[in-house]
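# Secondary and tertiary structure notes
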Amino acid sequence: MLTATGTAASPRLSAGQRTKPQEVTVEEHLEQLKSQVFLVILSHYKDFASSYQHRLDLRDEIGGLQDRFDSLSSKQEGLPNRPSILQDTLSLLSTLTRIHAELQGLDQLMETGELVSAAETAVEMNKCLQVLPALSMRCDCPMEIVKVIKKEVMAKTGFLKQKLAVLFASAFVFTAHGEAAELRVSPRLLAVIGQTFYDSPLRAIDVLRAMGRLGLLDNALRRLSNHVLDLFVEPILRHPHAELTVARTKLALTLTLGFAAKATADDGPSPALDRVAYVLDQLLVLCRFLKGDLFANSEQESGESECHDSFKAFIRIWGPDMVAVLVKKCLAPAVPERSDSTDAWEDLTVKIQNFEQTAKELGFLAHDQTQLHEFVARMHLRSAERLRTELLSLVRDILQSEDQNTVPVPGILEQGDIFASASEVKAPKDAAAPVGKGVDGKDGLEISGSTFTLAPCHVSTQVQTLVELAHQTLSDAATSSDDRKVDAFYCARDILDAYRAIVPEHHADALEHSPARAMLLHNDCEYVAFHLLVLAYRYSKTLPYPLADMASFLDMVPAYRKLGEAYFRNQMRKQRDALVALVASAGGFHDLGDDARCETVEKALKAALYHLSSLAKAWKPIMAAELYFAAVGLLLDVLLRAVLTNVAALGSTWTRQEAHQLAYLLALIAKSDQHFHRVSGVGRNKAIEKAPIPKYAKYWEPTREITDLIGSPTPDPAAVLMRIQAALTQAGSDADLE
C-alpha cells in the first residue's frame, strides 16, 4: 500500500526483526540531508523547477545531527572518517538552511512594516554569504547552489534598500521656490508611491534605524544635511532678515523660510555686525527645529537612545559643514579691517562665543569641536590675511594692466629718500669723507650719500604705484598693534616681490620685442632696489621687537638688480647683432665706383644709422642720462667698428673716386652726435648741452680723423689703412664690447 506521500508501504516485520532496527551512520545521514538541502534550494529558487516537493525547514534535523556528531567527538569513539570534512559539511548545510529560512521571512517582515527586523535579517544573510564560498569549496558543493542563493540574497537586499530610500525621501520632503524653501517632516508615513499604510503607518524613526543597520544612514543624512545647507543656511546667510516659521500638526511638521516685503528691501548695505547677529539668531532657530522636531518627535514612542543615535549621526555630518559655511560667508567678511577697532572686535567675539555655547548646549556642536573658538583666536590673523589678499589682488591687477605711461623719479611725492625721512641732512655732492679719518669723531667707515640717491629717470606708473602701496602699508600699520605691524612688514615684502613674479611672465612678448619696454623694466628694477635699501631703515623704529633690530629688505636687492641687468644686457646684445647685420647686408665696401654698389652700401649704412636713431629716441626720454649715453655710445662703437673693418678690408688699392664715396658714407655717421645732446628748458629758456662723445664712444675720434684723411685732396690709402688698424687695435676687440 502507499503512504500519504504516495510511496509503497513496507511489509510487516516479525517480532524478532523489530527488536533491532538498522542504525543509520552519521555519514549516511549527512549525505541524505545534503541532498535534501540542495534539492530545496534548487527547487525553490531556480526558474521552472517544481517547488514544495521537499521539506522547506531542515534546521532541526541538521541541529540534531550536529549534536550527535558533537557527542561522538566528546566520547572519542565511533568517530567517522574525515571528521573535519563532515564538520564543514554540517556548517555548510546549516548556513544554507539559515539563509533559506531568512529569505522566506524577509518578504513578510517588509509587508508588515517591520523594517528594523528586515534590515537585521538582511545583515545576517550577508554575513552568511561571506563564509559560504569557502565552505562550498571544501565540501564539494556545486557552484550553482552558491550562485542561486547569492543572487536571491542580493535581490532581496537591494529591494529592501530601495524601499528604505523611497521611505526616507517621503519622510523628509524639501520644496524650493527661488530663495524661499520648505521642509515637511512626516513622523508617520501613511503612503508612498504605489503603496499605502493607513492601517499600520510606518514610523520615520524605524526607517532611520533600518538604514543604520544596513549602513545607509550616513549617506542619507549627508544628503539631508546638504539640502538643509543649500535651501536654508545659504539663503539665511544671504538674507539674514528672512523669516523662519514652524507649523506643527498631527501628521506633519513644516519649516518654512520666507521673505517679508521689508526683508527683501532691507538686504542692502547694513552694518556687518548687525548682519552677524541676525544670522546667528536664525541659525539657532533652525537648530532648535532640527533637534526638537526633526529627530525628537519620534522619541516619545521609540525610545530616547534610538533617536539620539540618529541625531548624533546627523550632527556629526551637518555641524562641521554648517560652521565652515558660517565662517566663510558670514563671520570672515564681518571681521573689522583694522585691529584697533576695539569695540567692533569685542562685539563680534561675544556674539560668536554666545552662539557657540548655545549650539553646544543644543548638541549641534561637539564639546571638542573648536572651529569657532579657533576662528575667534585667529581673528586678528584673518583680518591681516584678508587685507593681504586684497592688496595682492590689487597688485596683480596693477601689474597685469597695459598702462604704458611713465613718471619721472625722483619726484616731488617721492617717499624713498632716506635723508628726507630721517633727521640727517644731505651732505653736499662734492663733500666726501676722507678715508681713514672719520667725521665728527667717527671711524671713517661712513657710506657716501650717493649710495642712497637715485639718478633721475622714468619708471612705469605700475611700479611707482607698487612702491607707494608698500610705503602706505607700513605707514598705516605704525599706530596698530604689534601683530598688525608684523603682518604689514611681510605684506610689504610680498607686494614688492610680486613685480618679479608677474611682470617678466605676463609682459614677456613686449619685453622681448620692445627696446623701450625692456629698458623701462631695468629702470623699474633699479627703482625698486633703491627703495628696498631704505624701507627697513625708515620704518624700523615703528616695528616691534625683534623686527625693530633685524627687519630688512636688503636680501631682495640682488634679485632685482640681477633681473634688471639681465634684460638690459639681453637688449644690448640684441641691438648689437641688429646693427652688425644691417652693416653686413651691404656685402662689403668694395667697388664703390659702381653707382649700384655705392647705392647698396649707402642704403645699408643709412638703415643701421636709422636703427640707432630709433633706439636713441626710444631710450632718451626714460633712461638715466649717464646710462643712456653709455648704452648709445656702446652701440655707436659697434657700428663704427663694423664700418672701419669693412674699410680696412679694401686694403690700399682703392681709387680716388672710391675715396670720394667713402668720405661721403663716413660723413653720414657724423650726424650721430645729436644723440649725445642734453636739452633742458623750453622756449626761450631752452638750452642744449653737448655730452663728451669720446667718453662714451671710443671709435668716435679715430673715425673723424680717418674721415678727414680720406676726404683730403690727396688721400693716401696706405696711411688710412695704417690709421684704421691702429684704431681697431687701440680701442679693443669685439669681445671687449661684451
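Small disclaimer: the values here were computed from a predicted structure and weren't measured.

This part is about the overall build of the chain. Each helix and strand in the chain was counted, giving 28 helices and 12 strands. Sequence separation of at least 24 residues holds for 75% of the intrachain contacts in the chain that already meet a minimum separation of 6. Summed over all atoms, the accessible surface of the chain reaches about 39500 Å², with 53% contributed by carbon and sulfur.

On to the confidence of the model for the chain. Of the residues in the chain, 75% reach a pLDDT of 70 or more, and the chain-wide mean stands at 77. Counted against residues more than four places away or in other chains, residues 47-56, with its pLDDT under 50, gives 13 contacts. Low pLDDT, under 50, characterises residues 416-447; the stretch is placed with 24 contacts to residues that sit more than four places away or in other chains.

Tracing the backbone through its elements, the reader meets Thr349 in helix H13 (residues 342-362). Setting aside residues up to four positions removed in sequence, Thr349 forms contacts with Val376 and Met379.

A few words on the packing of helix H17 (residues 461-476) against helix H20 (residues 515-539). For the pair H17 and H20, the least separation of the axes is 10 Å and the interaxial angle reads 10 degrees. Considered as vectors, H17 and H20 are oriented roughly parallel to each other. Seen from H17, the contacting residues are Val463, Gln464, Val467, His471, Leu474 and Ser475; seen from H20, they are Asp524, Tyr527, Val528, His531, Leu535, Arg538 and Tyr539. Looking at the contact of H17 with H20 residue by residue, the class counts come to seven nonpolar, four polar and two charged.

Let's shift gears to the environment of Leu280. Turning to its location among the elements, Leu280 is positioned in helix H10 (residues 272-295). Judged by its relative accessible area of 5%, Leu280 falls in the buried class. As a C-alpha pair, Leu280 and Leu331 span 51 residues in sequence and 9.9 Å in three-dimensional space. Residues contacting Leu280, with those up to four places away along its chain left out, are Leu326, Lys351, Ile352 and Phe355.

On to the sheet that holds strand S2 (residues 180-185). Read across the sheet, four strands follow the order S1-S2-S8-S7 without closing on themselves; strand pairing throughout is antiparallel. Unpaired on one side and paired on the other, strand S1 (172-177) and strand S7 (243-248) mark the two borders of the sheet. For this sheet the average axis-to-axis angle between neighbouring strands, irrespective of direction, equals 15 degrees. The pairing of S1 with S2 spans six bridges and is antiparallel. Paired with Ala176 across the two strands is Ala181, which belongs to S2. Set on the sheet, helix H6 (residues 143-171) makes contact with S1 and S2; between it and S1 the angle comes to about 55 degrees.

Positionally, Glu705 belongs in helix H27 (residues 700-710). Since its relative accessible area comes to 36%, Glu705 is described here as partly exposed. For the pair Glu705 and Ile724, spaced 19 residues apart in sequence, the C-alpha separation works out to 9.6 Å. Of note is the side chain of Glu705, whose polar atom sits 2.7 Å from the side chain of Arg723.

Side-chain pairs of opposite charge can arise where the charged atoms are in close proximity. In the structure shown here, the tally under the stated rule is 19 salt bridges. The closest approach of N and O atoms between Lys156 and Glu152, which form a salt bridge, is 3.6 Å. In this pair, Lys156 and Glu152 are both assigned in helix H6, four residues apart and thus about one turn of the helix distant. Lys156 sits in the buried class, given a relative accessible area of 14%.

In this section: helix H8 (residues 217-238). Relative to the 32 Å expected for 22 residues at 1.5 Å per residue, H8 spans 30 Å between its end C-alpha atoms, a close match to the ideal helical length. Largest kink in H8: about 35 degrees, centred on Leu229.

Only one face of strand S9 (residues 406-409) is covered, namely the one carrying Val407 and Val409; the face carrying Thr406 and Pro408 has none of its residues buried. Where S9 lies against strand S10 (residues 457-460), four bridges are found, and the strand directions are antiparallel. Each residue of the ladder has a partner; that of Pro408, found in S10, is His458.

Time to look at the packing of aromatic side chains. Counted under the stated rule, the structure contains 11 aromatic pairs. Joined through ring pairs, the aromatic side chains of Phe311, Phe314, Trp318 and Phe364 make up one cluster. Sitting above the plane of the Tyr560 ring, Arg500 keeps its charged end 5.7 Å from the centroid.

Calculation rules
Here the residue numbering is sequential within each chain, running from 1 through the sequence in written order. Reporting of local features is limited, given that this is a predicted model, to residues whose pLDDT is at least 70; pairs of side-chain atoms are given and counted only at 80 or more, and all residues count toward the totals for whole chains, interfaces and linings. Derived side-chain values reflect all non-hydrogen atoms in the structure, with water molecules and hydrogen atoms excluded from consideration. Secondary structure is summarised from DSSP: a helix means a run of H or I of at least four residues, a strand means a run of E of at least two, and numbering begins at the N terminus for each. Residue contacts are defined here by distance: any two heavy atoms, one from each residue, within 4.5 Å place the two residues in contact. Only the protein chains shown count as cover for residues, and the accessible areas themselves come from Shrake-Rupley with a 1.4 Å probe. On a scale of 0 to 100, pLDDT captures the predictor's confidence in every residue. An axis is simply a line fitted to the C-alpha atoms; with a helix, the fit covers only the stretch in contact. Between two such axes, the angle follows the N-to-C directions and lies from 0 to 180 degrees. Angles are sorted into four bins: roughly parallel if under 35 degrees, roughly antiparallel if over 145, roughly perpendicular if 65 to 115, and oblique for all others. Three residue categories are used. Nonpolar comprises Ala, Val, Leu, Ile, Met, Phe, Trp, Tyr, Cys and Pro, charged comprises Asp, Glu, Lys and Arg, and polar comprises the others, including Gly. The buried label applies to any residue whose accessible area, calculated with a 1.4 Å probe on protein chains only, is under 20% of its type's maximum; exposed applies above 50%, and partly exposed to all values in between. If DSSP finds at least two bridges between two strands, the strands pair. As used in this structure description, the phrase polar contact means that two N or O atoms lie within 3.5 Å; if the pair is within protein, one of them must be able to donate a hydrogen and the other to accept it, and residues adjacent in sequence are counted only when both atoms belong to side chains. Any Lys or Arg side-chain nitrogen located within 4 Å of an Asp or Glu carboxyl oxygen qualifies as a salt bridge. Take the number of residues in a helix, subtract one, and multiply by 1.5 Å to get its expected span. Bending is quantified residue by residue as the angle between axes fitted to the seven-residue window ending at that residue and the seven-residue window starting at it. Two rings from Phe, Tyr or Trp (for Trp, the six-membered ring) form a pair when their centres are within 6.5 Å of each other. A pair whose planes differ by under 30 degrees is stacked, one over 60 is edge-to-face, and the rest are tilted. Here, over-ring charges are defined by two tests on the NZ atom of lysine or the CZ atom of arginine: distance to the ring centre within 6 Å, and angle to the ring normal within 35 degrees.

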